[in-house]
Amino acid sequence: MAPLKSLEKEYPVIDSNFQSFCARHGIFTVQDFLLHDLYVLAAFAQQHPSSSSDHLKQGITQMLSIVDEQYHKPWVNGVQLLDDFQRNKHVLSTGIHEIDSLLQGGFREGQLNEIAGPSSSGKTQVCLQVAASVATKCIGSVVYVDTGNSFSSQRIRHFVSRISGPTFNQERDLTIQKVMSGILCHSVFDIFAMFDVLHQLQSSLRSQVDRADQNVRLLVVDSLSSLITPILGGGGSQGHALMTYTGFLLKKLANEHNLAVLVTNHMVGGDGGHLKPALGESWKSIPHVRLLLSRDLQSNICNISILKHSYLASGKAGRFTLDD
Amino acid sequence: MELAGAGGGGRLAKEWIDGDESAREMLRRVLREESRHRFLPLPPPLDRVPARAGNVVELVGPSPSGKTHALMEAAIGCILPEEWQGVRFGGLGRLAMFIDLDCRLDVSLLADLLRARIARPRLSCDDDDDSLRQHELFGLCMRRFLYVSCFDSLQFLATLKTLHYQVQKQTEAQGVGVHLLMIDSIGAFYWMDRASTTLHVGVNNRKGLSLQQVLETVVQEIKNLMQVHPVLVIATKATIMADRHAENEVNRNRKRKSFSDTSVSRNLTSNKEQLLHREYMPYVWQDHMLHPLSGQRTATPANAHLQVKSPDWLQYMWFDRKFYTCLDFAVSADRVAFHGDQP
């Protein structure tokens, strides 16, 4: 965080006198200031002769107003919050009717959604179908982070032609071309490469320079767990820290830029041979919506149920058929 | 009252008889203090929580167990007016502040819950007029709900640092005070803070950013705030760690008792769930919860893990009560069973 010295130019109250007062109490940066008890600091300022103590107190007040303006998000009231929700946080149809009706419309922008399921339960197929649906119907672009080389443009093409229905070849090709150019796929194989992609996305969304990234509605990470599980385990907390950081980064992107985020989580064997999601206890409290996917043996019929939702009851379930 | 000489004594006695305030003033004062000491109206089973200003309550449970939902109910009880245009709503009519560390409050749910509460009593016999008035009341209540989200510990600290100023500003702007401060959830940055270690070379009194330091500062800031504005603090805490040791033990027990009937196995699951909750926050947070803040006399701090079973929105939750109590609120530390089949 910013050193106090760098604030001097803009705020003349924070002069060398105030800086050396702070330095005596171990405050060199705004971060140190945040960790310090201001009542104690003000009491020390009081001990100085009256002219300089007033000056020091002015400095503290100035610092507080800088912190209030720049270092946390502004307070909003319920009316503003609801207004932002209604205006900017739309529901994106998943393209699978049963999931849409289960979730009352689909995935909500601004939310982090998770699909957990065992291997070959159809997680990637759902991701591809949602991406195709959003790119076709919502006229928005999709950022697809692929961690296992499972992205298939043939499948996207198949889904798009199914959505747009029977049309003439030329027209269909045009639609497919448009949709394909709206889906940006990044192949990443470790968590730091994913951070690169996400940070780039964040800065381009902020500056709105890169035209290709404009109007991004959906971010897919398939699969998130395969990036995170290699760094978990062992006694250390670094892996968990990176996992939580990823969660907050995704939620921040979703909230600030009104994206729906969809991540997948594979299943591993737990106690007593029961399958459990690879990202477990500490991950549970991070996503808005958690769905569990499973597939019937030897068929294309999938079961999907709600593990957690911000307002729907958990345990509700639906069935749908995957396309051949 | 000191006893002075004859002349002065007469005057003092007269002053004493005259009293300090008229009954009208006293009533006003008592009512004002009363509203501060009033319990926040909460739906059962949360109505057993000593939810009033000056207390700190922690809600503990796995995800999803309805903790955030419970906070929303608390917020609605706080922002609804006691009475509005002659209709009784039974709220406190004060401001509620929500610090969202999980960053996933669903405001549409809050709005729905609030609308349901407002729609229950009719405000007017004319349909159009009724909906107009409901809309007006809805806006009034929603403006009393104040929200901020934090994506890391430093944002959280910056929010707390300026909370006092924010409370004053909002109180002046809206004409009513803040009664409730919600933190959802206090352990959100646990892993990130645990992994962050900053080392400052050469400066002894400089504080590094660590889990312990962050929590100490958080506790200090809340204490500072509560000295000036005694609010009710409700913090939720997700159980982010499964206690492997306890889990194995319960599994062993279960195998041993596999022949037993369903009621035993139900108890076992509830035991398992209780054992799985392991405290992971630094002691400073617990200490803060258990010790009195300012000049309040305390009864024995009550600390009970309560498992609560549905009303439909609560699948199950633990309920951890650690709070300061005045002597007049003579709560005993015994276990309170909220549902029938708990032993």
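Each chain carries its own residue numbering, running from 1 in the written order of its sequence. Here every chain gets a letter starting at A, and every ligand a number starting at 1, in the order they are written. Only residues with pLDDT of at least 70 get local features here, since the model is predicted, and only at 80 or more are side-chain atom pairs given and counted; chain-wide, interface and lining totals rely on the full set of residues. The basis for every side-chain value is the complete set of non-hydrogen atoms in the structure, without hydrogens or water.

Trainee: Lay out the pattern of salt bridges with the relevant residues and their values.
Mentor: All names here are of chain A. Salt bridges are defined by distance alone: a side-chain nitrogen of Lys or Arg within 4 Å of a carboxyl oxygen of Asp or Glu. Across all of its chains, the model carries 14 salt bridges over all chains by this definition. For R217, the salt bridge identified is with E109, shortest N-O distance 2.6 Å. Of this pair, R217 sits in strand β7 (residues 216–222) while E109 is found in the loop between β3 (107–108) and β4 (112–117), placing the two residues 108 residues apart along the sequence. Beyond isolated ion pairs, a larger network of salt bridges with shared partners links K73, R206 and E256. What counts as a helix is a DSSP run of H or I of at least four residues, what counts as a strand is a run of E of at least two, and both are numbered from the N terminus.

Trainee: An account of the interface of chain A and chain B is requested, with residue identities and associated values reported.
Mentor: Residue-level contacts link 56 residues of chain A with 65 residues of chain B. Two parts lose some accessible area (1.4 Å probe) when they are put together, and adding that loss for both gives the buried area. Between chain A and chain B, roughly 5100 Å² of surface is buried when both sides are summed, and carbon and sulfur atoms account for 62% of that area. It is A:L35, A:W75 and A:F248 that lose the most area in chain A upon contact with chain B, and together they represent 17% of the buried surface on that side. Where chain A packs against chain B, one counts zero salt bridges. Two N or O atoms count as a polar contact when they lie within 3.5 Å, although within protein this holds only if one can serve as hydrogen donor and the other as acceptor, and sequence-adjacent residues are included solely when both atoms are side-chain atoms. Linking chain A with chain B are 15 residue pairs in polar contact (both at pLDDT 80 or more). Considering every element that reaches the side of chain A that touches chain B, the biggest residue donor is helix α13 (residues 238–257) of chain A, with ten residues. Of the residues that constitute the side of chain A that touches chain B, the class distribution is 24 nonpolar, 20 polar and twelve charged. By definition in these notes, contact holds between two residues if any of their heavy atoms fall within 4.5 Å. Charged residues are taken to be Asp, Glu, Lys and Arg, nonpolar residues to be Ala, Val, Leu, Ile, Met, Phe, Trp, Tyr, Cys and Pro, and polar residues to be all remaining types, Gly included.

Trainee: Can you lay out the nonpolar core for me, pointing to particular residues and giving the numbers?
Mentor: We call a set of buried residues a nonpolar core when its members are Ala, Val, Leu, Ile, Met, Phe, Trp, Tyr or Cys and they connect through side-chain atoms within 4.5 Å of each other. The classification of residues rests on relative accessible area computed with a 1.4 Å probe and restricted to protein chains. Under 20% of the type maximum is buried, over 50% is exposed, and intermediate values are partly exposed. Counting residues in each nonpolar core, the largest one holds 67 residues, and the members touching the most others are A:M63, B:I99 and B:F156. When residues of this core are assigned to their parent elements, the largest contribution, eight residues, is made by helix α9 (residues 211–228) of chain B. Each residue touching B:F156, except ones within four places of it in the same chain, is listed here: B:I99, B:L101, B:C150, B:I183, B:I186, B:F189 and B:V218. Formed by 41 residues, the second largest nonpolar core is a distinct cluster that contains B:A51, B:W84, B:L114 and B:C141.

Trainee: Quick rundown of helix α9 (residues 153–164) of chain A? Include the residues and the values.
Mentor: Residues and elements named next belong to chain A. Helix length check: α9 (twelve residues) gives 16 Å between terminal C-alpha atoms against 16 Å at 1.5 Å per residue, within 8%. Taken as a whole, α9 has its buried residues at R155, I156, F159 and V160. End-on view of α9: buried residues confined to an arc of 135°, all on one side of the axis. Buried residues in α9 make contact with α8 (123–137), α10 (169–181) and β6 (183–187). Immediately downstream of α9, the backbone of G165 shows phi near 75°, a positive value. Working rule for helices: expected span equals 1.5 Å times residues minus one. What the arc measures is the spread of directions leading from the helix axis to the C-beta atoms.

Trainee: Tell me about the confidence of the model for chain B, and name the residues and values.
Mentor: Residue and element names in this part refer to chain B. Residue-level pLDDT values for chain B average 69, and 59% of them are 70 or greater. Each residue carries a pLDDT score, the predictor's confidence in it, ranging from 0 to 100. Looking over chain B, one finds the lowest element-wise mean pLDDT in strand β8 (residues 303–309), namely 33, and the highest in strand β5 (residues 145–149), namely 96. Counting interchain partners and residues more than four positions distant, the pLDDT-below-50 stretch residues 1–6 has five contacts. Model confidence for the complex: the whole-complex pTM is 0.82, and ipTM, which rates the interface, is 0.91.

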